[in-house]
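Tertiary structure, described
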Amino acid sequence: MFFRLLLDNFKSFAQPVQFDMFPNLKRENLKEHVYSDANRPSVMKMAAIYGANGAGKSNLYKAFEFLKPFCSDFNNSLNVKEWYNKNRFILPPIPDNPPVSFIVEFVKNGNAYILNLEIDEKGVKKEELLLSGLGVKANSPIYKRSYDKIAFWGFQISEQVKDIIERQLNSFSNCSFLALNGNLKIISSHLLIDPFEWFKNDVLSLSYFRNIPQLIDLFSKDNGLMSFTNRVFSSIGIGLKNLDVKNRSFEEWYADLSEEEKRMFGGSELNIKDNMSLIKMQDDRPVASIINEDGSRIVKELLFKQFGKNGFVGDMDVASQSNGTVKLLILVPALYKMIKDDVLIVIDELDNCLHPKLLKGLIKLVGKTESKGQLLFTTHEDYLLDQHEILRPDEIWIVDKKDGVSQLYSLNEFKLHKTLSLQKGYMDDRFGGTPIINFQAFWS
């Protein structure tokens, strides 16, 4: 469960800002959007981030996009100096080159953690992991690192093991100690493994521009996901009866390919290893997955059962679908996972290619469905600003830019009457985060 993220000197955020999922418990509407637990603070199920183009709202998404691999993959190709110079605030650069700073607070397996991370052009200036006291008691340190030096609390670590760790930190300056230890299993304590697994498995960042080659395998292996997807698709009025995965022998599928495609896939010489799949992409969409099942090559294809004239239902492949349908196809597995598991799904430009009414229906579905995870997304769609049916004010955040610096705040900071139309207030620029359009300057 995710609590909060603090940023400083990151991209357009020149000053410290905090984004959090804490609700205003005085609000009476949409109580099903709040996760309550006697052992920890209540948190929101969802949050939407609004802002004009160029205001910096996608930079929140990019923070998670960076933190996930940095804290879970020690074999990345990150050049720390290059990353620092590209991602610190540069309009203008802050004097004395302060580090880019992240603070993340989250819960994994009953424990609340705080990761404090500072990166400068030399590497990881500071990496500190603490057990959070949740505002009730003092935070307890677990380890603190500065570049290739590290100290531990509560662990019996020999000088020899500590020396090995510090040599590894010197060799792998492009990742966190969490990632290094999680992959090499130097220290097996759950206090280190659980936070590593949270970043690795419980944070999923999804951009509109991302395609998912393994989409066919995902649907074919998870009947629950397929059932959920068909319920969504059949209820939104886009002319689809249902989605299915069709199995064909490789030989039958290969015979239908063009000569150029046949040369690409190699015919009888194509060897697919167990537990592996070869994906055929068309227009950045997965149209076929070739796998090895019990020694036989099987081709799986996504088929859309599409309504036609006079009740006719025909099969169409993913290549024939609209961008909006494909976008929805990519979104649904993420929403299903958020409903089923305690994960954080972060989506950039959720509304891209989706009709406002469809998007409203999806968010309303997530809000009303019993779930375990959290959804964070950026959007421009003012149609969602309905505090009675779709989003509470404490689920709505604004990014506004002044003099090149992004500011971040929640609508919860405003005094809002329960009868107020948030949609009208936002479009009337009562809250900020909207573009300033000067047509007079254009014509002058």
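Presented here is an overview of the structure given in this document. (Residues numbered from 1 in each chain as written. Predicted model: local features only at pLDDT ≥ 70, side-chain atom pairs only at ≥ 80, totals over all residues. Heavy atoms only, no water.)

In this section: empty space enclosed by the protein. Going through the model one piece at a time under the given rule, you end up with two cavities of 30 Å³ or more. When its volume is computed, the largest cavity comes out at roughly 50 Å³. Elements supplying a minimum of two residues to the lining of the largest cavity: strand 14 (285-293) and helix 10 (323-340). Each residue belonging to the lining of the largest cavity can be placed in one class, and the counts come to seven nonpolar, one polar and two charged. Lining the second largest cavity, in full, are Leu331, Leu335, Leu350, Leu359, Leu362, Ile363 and Val366. Residue assignment for the lining of the second largest cavity shows that the elements contributing at least two residues are helix 10 and helix 11 (356-368). With four residues, the single largest contributor to the lining of the second largest cavity is helix 11. (1 Å grid on protein atoms, 1.4 Å probe; cavity = no way out; pocket = protein on both sides within 12 Å on 5 of 7 lines; lining within 4 Å. Points joined across faces, edges and corners; volume = space filled by probe spheres on them. Helix = DSSP H or I, 4+ residues; strand = E, 2+ residues; numbered from the N terminus. Nonpolar A, V, L, I, M, F, W, Y, C, P; charged D, E, K, R; others polar.)

With respect to topology, six strands assemble into an open sheet ordered 11-17-18-5-19-20, the strand pairing being mixed. Looking at the sheet topology across the chains shown, the edges are occupied by strand 11 (203-207) and strand 20 (405-410). Within this sheet the neighbouring strands show an average axis-to-axis angle of 15°, counted without direction. With four bridges joining them, strand 5 (residues 46-51) and strand 19 (residues 396-402) adopt parallel strand pairing. Looking at the pairing, tyrosine 50 lines up with isoleucine 398 of strand 19. (Pairing = 2+ DSSP bridges. Axes fitted to C-alpha atoms, helices over the stretch in contact; angles between N-to-C directions.)

The next subject is unusual backbone geometry. The step from leucine 91 to proline 92 runs through a cis peptide bond, and the omega angle for that step is -5°. Relative to the assigned elements, proline 92 resides in the loop between helix 2 (80-87) and strand 6 (100-108). Its identity as a non-glycine residue notwithstanding, asparagine 109 has a phi of 50°, on the positive side. Relative to the helices and strands, asparagine 109 is located in the loop between strand 6 and strand 7 (111-120).

A few words on the pairing of strand 9 (residues 140-146). Bridge count for strand 8 (residues 123-131) against strand 9 is five bridges, and the pairing is antiparallel. Among the inter-strand pairings, glutamate 127 is bridged to a residue of strand 9, identified as arginine 145. Here strand 9 runs beside strand 10 (residues 149-152); their pairing, made up of four bridges, is antiparallel. When the sheet's bridge partners are listed, tyrosine 143 is paired in strand 10 with phenylalanine 152. Adjacent in sequence and paired antiparallel, strand 9 and strand 10 are bridged by two residues, among which tyrosine 147 carries a positive phi angle near 55°.

What follows deals with the pairing of strand 19. Buried residues dominate strand 19, accounting for five of its seven residues. Two elements, strand 19 and strand 20, share six bridges in a ladder whose sense is antiparallel. Residue pairing across strands places isoleucine 398 opposite tyrosine 409, the latter belonging to strand 20. In this structure, the hairpin formed by strand 19 and strand 20 is closed by a connection of two residues, where aspartate 403 is found at a positive phi of approximately 55°. (Buried < 20%, exposed > 50% of the residue type's maximum accessible area, 1.4 Å probe, protein only.)

Moving on, we get to the pattern of salt bridges. Enumeration over the complete set of coordinates arrives at 23 salt bridges. When the shortest N-O distance is used, the salt bridge between arginine 392 and aspartate 394 registers 2.7 Å. The class of aspartate 394 is buried, set by a relative accessible area of 3%. Among the charged side chains, a network of salt bridges with common partners joins Arg248, Glu252, Asp256 and Glu301. (Salt bridge = Lys/Arg side-chain N within 4 Å of Asp/Glu carboxyl O.)

Another aspect to go through is the packing of helix 7 (residues 223-234) against helix 10. Across the interface, helix 7 lies against helix 10 with an axial gap of 10 Å and an inter-helix angle of 125°. Considering their axes alone, helix 7 and helix 10 lie oblique with respect to each other. Crossing hand, helix 7 versus helix 10: right-handed. Between helix 7 and helix 10, the residues in contact are Gly224, Leu225, Phe228, Thr229, Val232 and Phe233 and Thr325, Leu328, Leu329, Val332, Pro333, Tyr336 and Ile339, respectively. (Parallel < 35°, antiparallel > 145°, perpendicular 65-115°, else oblique. Left-handed = near helix turned anticlockwise from the far one by under 90°. Contact = heavy atoms within 4.5 Å.)

On to the packing of aromatic side chains, then. The final tally for this structure, using the stated rule, is 24 aromatic pairs. Aromatic pair tyrosine 143 and phenylalanine 152: ring centres 6.4 Å apart, planes at 55°, arrangement tilted. Taking 5.6 Å as the distance between ring centres and 65° as the angle between the ring planes, the aromatic pair formed by phenylalanine 152 and phenylalanine 177 counts as edge-to-face. Of this pair, phenylalanine 152 sits in strand 10 while phenylalanine 177 sits in helix 4 (residues 177-184), and the two are 25 residues apart along the sequence. Since its relative accessible area comes to 16%, phenylalanine 152 is described here as buried. (Phe/Tyr/Trp six-rings, centres within 6.5 Å; stacked < 30°, edge-to-face > 60°.)

By the element assignment, alanine 112 lies in strand 7. Accessibility expressed as a relative area gives 8% for alanine 112, which makes it buried. It is 9.1 Å that separates the C-alpha atoms of alanine 112 and phenylalanine 3, two residues lying 109 residues apart in sequence. If sequence neighbours within four positions are ignored, alanine 112 has contacts with Phe3, Phe106, Val107, Leu130, Leu131, Ser132 and Leu134.

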